[in-house]
Amino acid sequence: PKPSSSVKLVLLGEAAVGKSSLVMRFVNNDFQENKEPTIGAAFLTQKISLSTRTIKFEIWDTAGQERFASLAPMYYRNAQAALVVYDITKPSSFTKAQHWVSELQRQASPNIVIAVVGNKADLASNDPPPSTSAPISDGDGIVAVPTDGGEGELEDEEETIRKVPVRTAKAYADEEKALFFETSAKTGHNVAEVFTAIANQIPET
Ligand code: GDP
Ligand code: MG
C-alpha cells in the first residue's frame, strides 16, 4: 500500500460564499440549493490518492459569521492547508478573503499551503470578453476590484453577474504565492482539482 498522511485543512471566508457546499461536493459529490448555515464549525474527512501516496484531509469547515471570527485561530492553528473562499459575484467577499490570507500569513504555520478559491463560477456564464484595465493596489497587498465593469460596450444591455475579474484574483494569488482556482460547488467544476493541487503541494514526510 502507498504511504498515507493526514493533512489538517481549514476553510475560511465570508458567510454564504459556499464553503460548506465545496466540502459537500468534495466529500459526498452532492449539492444543496438552500443550505442551512454552518454553526461554529463542522469536521469531515476525505482521502485523495496521488501517484505515490494517499492524503487524508481532515477538514474544518468554519462558520463565516463575524461572531465566530475570533474562534478561527483555533481552526487554522496547526493547519497544513487552507482554502480561502470568496464569491465571484460579491467583491466584499474577495476583500474579506484577502484579509484571511494576510491573517494566515501572520498567524498560521509558515509552511501552510493556501488556495484562494473564487466560488459560484457557474453564475458567470455571461462573462464578457476579458477587459484590460488593471487591478488597483493600495500598496498594502490589498487589491481593490475595479467596479466600472471594464470597457464592455454592452454594459447596459446585459448586466454581468461576475464582479471579481479572474485576472484580478489570479494576480493577487500569484503575489501571495497561493494556489488559485475558480470553482462551482453547484456543478462540481474544479472542486476535486483544488484539493488535488493542495495535496500535491504538501511536502512528503
Ligand atoms: P458557506 O456559508 O460559505 O458555508 O456557504 P454555503 O455552502 O452554506 O452556501 C451558501 C449558499 O450559496 C447556499 O444557498 C448554496 O446553495 C449556494 N452556493 C454554494 N456554492 C454555490 C455555487 O457554486 N454556485 C451557486 N450558484 N450557488 C452556490
Ligand atoms: Mg458553511
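Whatever comes next refers back to the structure up there.
What comes next is a walk through the structure. The structure displayed is predicted, hence computed values, not measured ones. (Residues numbered from 1 in each chain as written. Chains lettered and ligands numbered in written order. Predicted model: local features only at pLDDT ≥ 70, side-chain atom pairs only at ≥ 80, totals over all residues. Heavy atoms only, no water.)

Despite not being glycine, alanine 16 has its phi angle at roughly 75°, a positive value. Note that alanine 16 resides in the loop between strand S1 (4-12) and helix H1 (19-28). (Helix = DSSP H or I, 4+ residues; strand = E, 2+ residues; numbered from the N terminus.)

Each strand in a sheet pairs with another by means of backbone hydrogen bonds, the pair being arranged parallel or else antiparallel. Spatial strand order, S2-S3-S1-S4-S5-S8: six strands in an open sheet with mixed pairing. Pairing within the sheet leaves two strands with one partner each, and these edge strands are strand S2 (41-49) and strand S8 (179-182). Shown here is a sheet whose adjacent strand axes are inclined to one another by a mean of 25°, direction ignored. For S1 and strand S4 (residues 81-87), the ladder comprises four bridges, and the chain directions are parallel. Each residue of the ladder has a partner; that of valine 10, found in S4, is alanine 82. Packing against the sheet, H1 makes contact with S1, S2, strand S3 (54-62), S4 and strand S5 (113-119), and its axis sits at approximately 150° to S3. (Pairing = 2+ DSSP bridges. Axes fitted to C-alpha atoms, helices over the stretch in contact; angles between N-to-C directions. Contact = heavy atoms within 4.5 Å.)

Another aspect to go through is the environment of threonine 183. Summarising the element assignment, threonine 183 is placed in the loop between S8 and helix H6 (191-201). Once the C-alpha coordinates of threonine 183 and valine 194 are considered, the two residues, 11 residues apart in sequence, prove to be 8.3 Å apart. Aside from chain neighbours lying at most four places away, what touches threonine 183 is Leu22, Val117, Gly118, Asn119, Lys120, Ala121, His189, Asn190, Val191 and Val194. One polar contact links threonine 183 to asparagine 119, side chain to side chain, over a distance of 2.9 Å. (Polar contact = N/O pair within 3.5 Å; in protein donor to acceptor, adjacent residues only side chain to side chain.)

The next point concerns empty space enclosed by the protein. According to the stated counting rule, one finds one cavity of 30 Å³ or more in the structure shown. In terms of lining, the largest cavity is formed by 12 residues, of which the most central are Thr62, Ala63, Phe68, Ala69 and Ala72. Secondary structure elements with two or more residues in the lining of the largest cavity: helix H2 (66-69) and helix H3 (72-76). Of the residues contributing to the lining of the largest cavity, the split by class is eight nonpolar, four polar and no charged. (1 Å grid on protein atoms, 1.4 Å probe; cavity = no way out; pocket = protein on both sides within 12 Å on 5 of 7 lines; lining within 4 Å. Points joined across faces, edges and corners; volume = space filled by probe spheres on them. Nonpolar A, V, L, I, M, F, W, Y, C, P; charged D, E, K, R; others polar.)

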